[in-house]
Amino acid sequence: MPAVSLQTRDLTFSYLPGSPVLRGINLEIAADTFTAVIGQNGSGKTTLMKHFNGLLRPASGQVLVDGEDISRQPVSELARRVGYVFQNPDHQIFSASTRAEVAFGLRNLGLSEGDVQARTDQVLEEFHLLPYAHRQPATLSFGLRRKVSIAAVFAMQPGLLILDEPTSGLDWKSTQELLDLLHARNRQGTTILLITHDLRLVADLIPRCLAMSAGQVTAHGATHEVLANPATNGALKNGLPPVHQLAASLKNQGFPANVFTVDDFGAAYRATSESLRGDAA
Amino acid sequence: MNNLGTFYVPRESWVHRADPRVKLLLVAALWAVLLLRQSFDITLAVLLLLHALHLAARLPRENIGFIWKAFLPMLILIPLLWSVFSGVGAPLSVLGFLRVYPQGAMRGMLLALRLVSMAFALFLWLYTTEPGVMLVGLVKLNIPYPWVLVFSMALHYIPAVQALYHSVSEAQQARGLRLEGGGFQRLRRMMPILVTVMIGGLRMTDQLTRALEARAFGVKGVRRTYLREVRFRPADYAYLAMILLGTAALLMIQVG
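Residues numbered from 1 in each chain as written. Chains lettered and ligands numbered in written order. Predicted model: local features only at pLDDT ≥ 70, side-chain atom pairs only at ≥ 80, totals over all residues. Heavy atoms only, no water.

K.L.:
Before we move on, could you go through the sheet that holds strand β4 (residues 60–65) of chain A and cite the residues and values that matter?
P.N.:
Strand order in this open sheet of four strands is β2-β1-β4-β5 (chain A), and the pairing throughout is antiparallel. The open sheet has two free edges, formed respectively by β2 (19–29) and β5 (68–69) of chain A, since each of these has just one partner strand. (Pairing = 2+ DSSP bridges. Helix = DSSP H or I, 4+ residues; strand = E, 2+ residues; numbered from the N terminus.)

Have a look at this one:
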């Protein structure tokens, strides 16, 4: 499935009359990009993402998938192009085996039995789920259930993959493994949008970032630029990685403001030390 | 229905302020009237009174609409079935082979309206009584606390299960599940949703049981105290008198 691009034009939405949740969003997500979606609880992240696979329809404005208005397309049809991994894995797991759970979406797409089996095997292996292939997924641990729910959507090979907080409840190793899989899929040509509150993960591993606040996009672009943007930085100050806060406290020693990872800190430290040595000489 | 997992709609109104026991008595009284008096006039009068009370409680129109919407299938199906199968009154022949009973249809409509009225009475109590106050009110009526807790949790979990159903339905449709079609075919297609909701419901129950036990629920020989207190105010005595007099009048009144 080729990568999918997204566009919104003056998108507004509200669950209750008079309380807009999305306020005139104009956005372009290029195909092949990997973008983190950040913002405080209630900022409209999930609401915006649910517009991209038709689970929610705009009150006004448009959503374009690959330049095509999707207002009349049913969710089940959009599922061919747009995959959505929900926040809670228990909202989708129902099958008697992990294998059947992964195959469910593929059968909905009308694939041949051979393709269903091949894709299921491939994804179970990618996610190290083969030992659990015949276990009831509902009885697996939360971390494994999370993996099953992601694998089931991965198998459908959508051109756009949306993941709503897929790393919550996962340890750092599992998180990195998941991010490796997502990067590999992104390199093969899948557009990825990942909602998260983990700004360390965003700074370390996700190249692009979309920040939201009160139903509006406050910044969108390269991750370091978005995190350094005063609007984002101010709103998410306490959630920024500790290494950023450490660098900020060393501002008087000449540390720059755009330190978000350990590597950034190392580079800034070396630059500052050299400059101090130069001054001393 | 609000989204906080309860039916309660917080508003500043005399209906909200009324003692929960008085409101429960109103529900019981109206149910008694509706069950004992099978009259269109009385049913419509009760329904009108309940709409007036819902409006006096400043409840949003959507809450009233929610009840009508929920009972719409019943309002259609009951008169329809009674018109064909009740055998009440003189039948009319339709298309030569089908017998319909107009009187039966009217009887069915009355039954459906009585059920809607009973729902309106119950929902008035649910919409206007804060869950904590409802619980204390029932305990003050000498209903054992564990029973009251089970009842209040059951109420609390109706919206929770509804929300779960909605989320599961979204998740399965996002994986290409098609829900169009009707009858048995639709039911078959809904299995991934129904099974997931059932597993979710069982998981919720299990976690809830453990959470209750972990907080010492069911310890013997302990007298519970309550954060909220309910007391009869002078207005509640007036409401009580009005309910008793009104009920007696409705039970005794002769209507054509």
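K.L.:
Could you give an account of the confidence of the model for chain B, naming the residues involved and the relevant values?
P.N.:
Mean pLDDT over chain B works out to 88, with 97% of the residues at or above the 70 mark. Quick note on the complex model: pTM equals 0.74, ipTM equals 0.76. (pLDDT = per-residue confidence, 0-100.)

K.L.:
I'd like a rundown of helix α9 (residues 191–214) of chain B, residues and numbers included.
P.N.:
Taking 1.5 Å of rise per residue, the 24 residues of α9 of chain B would be expected to cover 34 Å, and the 34 Å separating its terminal C-alpha atoms lies within 8% of that figure. Here α9 of chain B has its buried residues at Pro192, Ile193, Thr196, Val197, Gly200 and Leu212 of chain B. Where α9 of chain B is buried, its residues meet α3 (98–108) of chain A together with α7 (145–173) and α8 (183–189) of chain B. (Expected span 1.5 Å × (residues − 1). Buried < 20%, exposed > 50% of the residue type's maximum accessible area, 1.4 Å probe, protein only. Contact = heavy atoms within 4.5 Å.)

K.L.:
How would you summarise the interface of chain A and chain B if you had to cite specific residues and measurements?
P.N.:
When the parts of a complex come together, some accessible area is lost, and that lost area is often used as the size of the interface. In this assembly, 25 residues from chain A lie in contact with 17 residues from chain B. At the boundary of chain A with chain B, total buried surface from both sides reaches about 1900 Å², with 56% on carbon and sulfur atoms. Connecting chain A to chain B are four salt bridges. Its salt-bridge partner being glutamate 101 of chain A, residue arginine 175 of chain B comes within 2.6 Å of it at the nearest N-O pair. Where chain A meets chain B, there are eight residue pairs in polar contact (both at pLDDT 80 or more). Elements with a minimum of two residues in the side of chain A that touches chain B: α2 (75–78), β6 (82–85), α3 and α5 (142–154) of chain A. Of all the elements, α3 of chain A adds the most residues to the side of chain A that touches chain B, at four residues. For the side of chain A that touches chain B, the residue count by class is 13 nonpolar, six polar and six charged. (Buried area = accessible area lost by both parts, 1.4 Å probe. Salt bridge = Lys/Arg side-chain N within 4 Å of Asp/Glu carboxyl O. Polar contact = N/O pair within 3.5 Å; in protein donor to acceptor, adjacent residues only side chain to side chain. Nonpolar A, V, L, I, M, F, W, Y, C, P; charged D, E, K, R; others polar.)

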